[in-house]
Amino acid sequence: MPDGDVRLYQLMHSYDYVSYETFGRRFFEVAVTEERVGAAFAAIAGDEFEMAPIGQGPGKIAKVSAKVAIKEPQVRRNVGDSIAFDIHIPLAIDLLVDLRLDKQRFRVDGDIALSATARAAEPLLLIVDVAKPRPSDITVQVSSKTIRGEVLRIVAGVDAEIRRFIAQYVAEEIDSPQSQAAQVIDVAEQLDQTWTGI
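Residues numbered from 1 in each chain as written. Predicted model: local features only at pLDDT ≥ 70, side-chain atom pairs only at ≥ 80, totals over all residues. Heavy atoms only, no water.

Now for the side chain of T33. Its place among the elements puts T33 in the loop between α2 (20-31) and α3 (34-45). A relative accessible area of 17% places T33 in the buried class. (Helix = DSSP H or I, 4+ residues; strand = E, 2+ residues; numbered from the N terminus. Buried < 20%, exposed > 50% of the residue type's maximum accessible area, 1.4 Å probe, protein only.)

Below, the structure written as structure tokens:
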């Protein structure tokens, strides 16, 4: 056997071969990392959004508006029978309660808790399936510097309205065409683009 063929034979027999099933599982664990999922959510969520004035409290006398800044998502991966992710998106909220004669500003820290699962689909798709948040998945911590502001916040039902609005906004973003496209990776298409042949 020529020297070149001997070297090729030795090279091909130096690998530890695994089953297709094992390879597929390892591929998922390498492809769907905390960093990649976090980067995808950062791109989907954007930098900030605004909550237009909404009437709150008795007689809807208080107009509540907010500017919500989105911070870097924090992702924790859980590897079991499926690969799942706990995602927390911190928020910084500039809240304004307008009573016409008086305006109260609040600085609010918030958090969106999301869950996602990596799934395989036909023909050769990798999908990060994101569950839509409920208002109960949103936490807000409102700090007021005055007793008047604190009472106003409670009477106007500000906390509940913020949670409801943010949950609705995130759910709509998850359903957007841009988000739907980001959640699906066509593995066959990616291989076609990178495969150099034999």
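Time to look at the packing of aromatic side chains. Under the counting rule described, the total for this entry stands at three aromatic pairs. Pairing F49 with Y169 gives two aromatic rings, centres 3.6 Å apart and planes at 15 degrees, and the pair type is stacked. In this pair, F49 is assigned in strand β1 (residues 48-56) and Y169 in helix α5 (residues 158-175), connecting sequence segments 120 residues apart. As far as burial versus exposure is concerned, F49 and Y169 are alike and both buried. (Phe/Tyr/Trp six-rings, centres within 6.5 Å; stacked < 30°, edge-to-face > 60°.)

It is worth spelling out the nonpolar core at this point. In globular proteins that are soluble, nonpolar side chains generally tend to be buried together. The biggest cluster of nonpolar side chains holds 42 residues, and the ones touching the most others in it are I87, I93 and I166. For this core, the elements supplying multiple residues, two or more each, are α3, β1, β2 (62-70), β4 (83-98), β5 (103-121), β6 (125-130), β7 (138-143) and α5. The residues contacting I93, other than those within four sequence positions of it, are A66, K67, V68, F106, R107, V108, V140, I162 and I166. (Core = buried A, V, L, I, M, F, W, Y, C linked by side-chain atoms within 4.5 Å. Contact = heavy atoms within 4.5 Å.)

Moving on, we come to the side chain of S176. Checked against the element boundaries, S176 lands in the loop between α5 and α6 (177-182). Owing to a relative accessible area of 15%, S176 belongs among the buried residues under this scheme. A polar side-chain atom of S176 sits 2.7 Å from the main-chain carbonyl oxygen of E173. (Polar contact = N/O pair within 3.5 Å; in protein donor to acceptor, adjacent residues only side chain to side chain.)

A few words on a nonpolar patch on the surface. Taken together, the side chains of V18, F23 and F27 make up a nonpolar region of the molecular surface, amounting to roughly 280 Å² of accessible area. Looking at the secondary structure, you find F23 in helix α2. Here F23 falls in the exposed class, since its relative accessible area comes to 55%. (Patch = residues over 30% accessible without salt bridge, like charges linked within 9 Å, V, L, I, M, F, W, Y side chains within 5 Å. Areas by Shrake-Rupley, 256 points an atom, 1.4 Å probe, with all protein chains shown as cover. Salt bridge = Lys/Arg side-chain N within 4 Å of Asp/Glu carboxyl O.)

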